[in-house]
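Chain by chain, the residues run as shown.
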Amino acid sequence: MATIVVERIGRLFISLQQIRQIPQMLTEAAPSMPDTVRDADVPHYFRECNVKTGYRPLHQNWRYYFLSLFQRHNETINIWTHLLAFLILLIKLRHLTETVDFVGDPHSWPLLILLLSSLTYTAFSVTAHLLGSKSKLCHFAFYFLDYIGVAQYQYGSAVVHFYYVMDESYHRHVRGIFMPAATLLSCLSCLGCCYGKYCNYGRPAWVRKVGQVVPSAIAYIWDSSPIIGRLLSSSSVTEDPALIYHFGQVGFFLGCAFFFTCPVFERCFPGQCDFLGQGHQVFHVLLSCCTLCQIHASYLDYIGRRELYSHLHGNGEALVFVGLYAVTLVACGFIYVVMLRKAKRELDLRSE
């Protein structure tokens, strides 16, 4: 017994030694990684309000930007918050596949759309924050990709709210228009975010915020209207176990909206939040919490409200929503191509 214990302690010691060698291994793999630079050394539309240092220099090789995942700079926390969220969502998907028949039960497909769209937006967000400093064109390309992820997540939110959350009385009034309108609003949100980022090239930063916030706010109000009705009509959390998670997702989202539009820490402590404490970092954390609450609430509704949504939605309706999800993805891809060409043309004109 003592021999086994000694062997396990030895293995643990070796593992810890290997972990301690990771920073040295990264340094040896990229011995000439350049230091970060100040805001004056990058294009103005790369800069964040009151973030003075920690910007990665442009036009380095791709290896530098991938290895910057382990470097201290002003995007490190933004990358890791959504990277960890992505991994947690993968684990959540793995657990749900043990209890939900995503292949054989069409009523589970809205939940699957939400899971896939959540994985999409977190993955695209990580990509944008990790690689968006490579060049001016890459900045537009990867952040436009990020906005596709945002639009997909908005659609995923709409479909689970319509399918599982909506009450019968509200369903009678909006059943023919809710999901087509949600599809359109998701695409408009993608367009608004892309156009806002494009306008930020030659216009004040508030133009970008308007382009991002207004379409997304309209989409959120529409997509979440079934939740508001549910929260107002439900009387007891004990009778409706999903209710607390719906409260949670609304609360977390309101926090997201506040910190996205009002970077209070940077304004109160300019230059002191270059690495940690940015409003966008808080936004990432709260959005991840919102997503996890939303997924669990949708799962509880999928389990507990089957009689209601089976009555409201025919067997073929879920397939229609899968089709609309594909339409949203194609439409956002088209917007991406058009806006990226527009941005490239603008960059080419200004470089002449």
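Residues numbered from 1 in each chain as written. Predicted model: local features only at pLDDT ≥ 70, side-chain atom pairs only at ≥ 80, totals over all residues. Heavy atoms only, no water.

(A) Representation of unusual backbone geometry in the model. Positive phi values are uncommon outside glycine, yet N50 reaches one of about 65°. Relative to the assigned elements, N50 resides in the loop between α2 (22–29) and α3 (62–67). If you check the backbone angles, H59 has positive phi at about 65° while not being a glycine. Of note, H59 is situated in the loop between α2 and α3. (Helix = DSSP H or I, 4+ residues; strand = E, 2+ residues; numbered from the N terminus.)

(B) Spotlight on the packing of helix α5 (residues 109–131) against helix α15 (residues 317–351). The geometry of α5 relative to α15 is characterised by a closest axis approach of 9 Å and an angle of 20° between their N-to-C directions. The orientation of α5 with respect to α15, classified from their angle, is roughly parallel. The handedness of the crossing between α5 and α15 comes out as right-handed. Of the residues in α15, those in contact with W109, P110, I113, L116, S117 and T120 of α5 are A318, L319, F321, V322 and Y325. Residues of the contact of α5 with α15, tallied by class, amount to nine nonpolar, two polar and no charged. (Axes fitted to C-alpha atoms, helices over the stretch in contact; angles between N-to-C directions. Parallel < 35°, antiparallel > 145°, perpendicular 65-115°, else oblique. Left-handed = near helix turned anticlockwise from the far one by under 90°. Contact = heavy atoms within 4.5 Å. Nonpolar A, V, L, I, M, F, W, Y, C, P; charged D, E, K, R; others polar.)

(C) Layout of the pattern of salt bridges. Across all of its chains, the model carries seven salt bridges by this definition. Where D167 meets R305, a salt bridge forms, and the shortest distance between an N and an O atom there is 3.3 Å. With D167 in the loop between α6 (136–165) and α7 (168–174) and R305 in the loop between α13 (279–304) and α14 (306–312), the pair connects residues that are 138 residues apart, well separated along the chain. Residue classification places R305 among the buried positions, given a relative accessible area of 16%. Here R230 ties to D301 by a salt bridge, and the two come within 2.7 Å at their closest N and O atoms. A residue pair is termed long-range when its members are at least 10 positions apart, and R230 in helix α10 (residues 225–233) and D301 in helix α13 qualify at 71 residues. For the pair R230 and D301, a shared accessibility class is recorded, and that class is buried. (Salt bridge = Lys/Arg side-chain N within 4 Å of Asp/Glu carboxyl O. Buried < 20%, exposed > 50% of the residue type's maximum accessible area, 1.4 Å probe, protein only.)

(D) Representation of the UniProt feature "binding site: Zn(2+)" (unreviewed entry) in the chain in the model. UniProt tags H129, H280 and H284 as "binding site: Zn(2+)" (unreviewed entry). Across 156 residues of sequence, these annotated residues stay compact in space, with a maximum C-alpha separation of 11.6 Å. With relative accessibility at 4%, the residue H129 sits in the buried group. Once you skip the residues sitting within four places of it in the chain, H129 turns out to touch R56, E75, N78, I79, Y143, H280 and H284. By the element assignment, H280 lies in helix α13. Owing to a relative accessible area of 25%, H280 belongs among the partly exposed residues under this scheme. Residues within four places of H280 in sequence aside, it is in contact with N78, H129, F260 and E266. (UniProt positions renumbered as here; feature names shortened; annotations may be inferred.)

(E) Molecular detail of the UniProt feature "transmembrane region" (unreviewed entry) in the chain. Per the UniProt entry, the sites bearing "transmembrane region" (unreviewed entry) are residues 77–97, 109–132, 144–165, 177–198, 242–261 and 319–340 in this numbering. For residues 177–198, the end-to-end C-alpha separation is 31 Å, with 95% helix and 0% strand making up the annotated structure. Summarising residues 242–261: 95% helix, 0% strand, and an end-to-end C-alpha distance of 29 Å.

(F) Summary view of the side chain of H171. Position of H171 relative to the elements: it lies in helix α7. The residues touching H171, leaving out its near neighbours within four places in the chain, are F162, M166, L312 and H313.

(G) Representation of the packing of aromatic side chains. Tallied over the full model, the rule gives 23 aromatic pairs. Measuring from ring centre to ring centre gives 5.1 Å for F260 and F283, while their planes differ by 50°; the resulting arrangement is tilted. With a gap of 23 residues between them, F260 in helix α11 (residues 243–261) and F283 in helix α13 connect regions that are remote in the sequence. Owing to a relative accessible area of 17%, F260 belongs among the buried residues under this scheme. One aromatic cluster is present, built from ring pairs that chain together F162, Y163, Y164, F178, W222, Y302, Y309 and F321. Taking the ring centre of W62 as reference, the NZ or CZ of K134 above it sits at 5.0 Å. If you follow K197 out to its NZ or CZ, it ends over the ring of Y143, 4.5 Å from the centre. (Phe/Tyr/Trp six-rings, centres within 6.5 Å; stacked < 30°, edge-to-face > 60°. Lys NZ or Arg CZ within 6 Å of the ring centre and 35° of its normal.)

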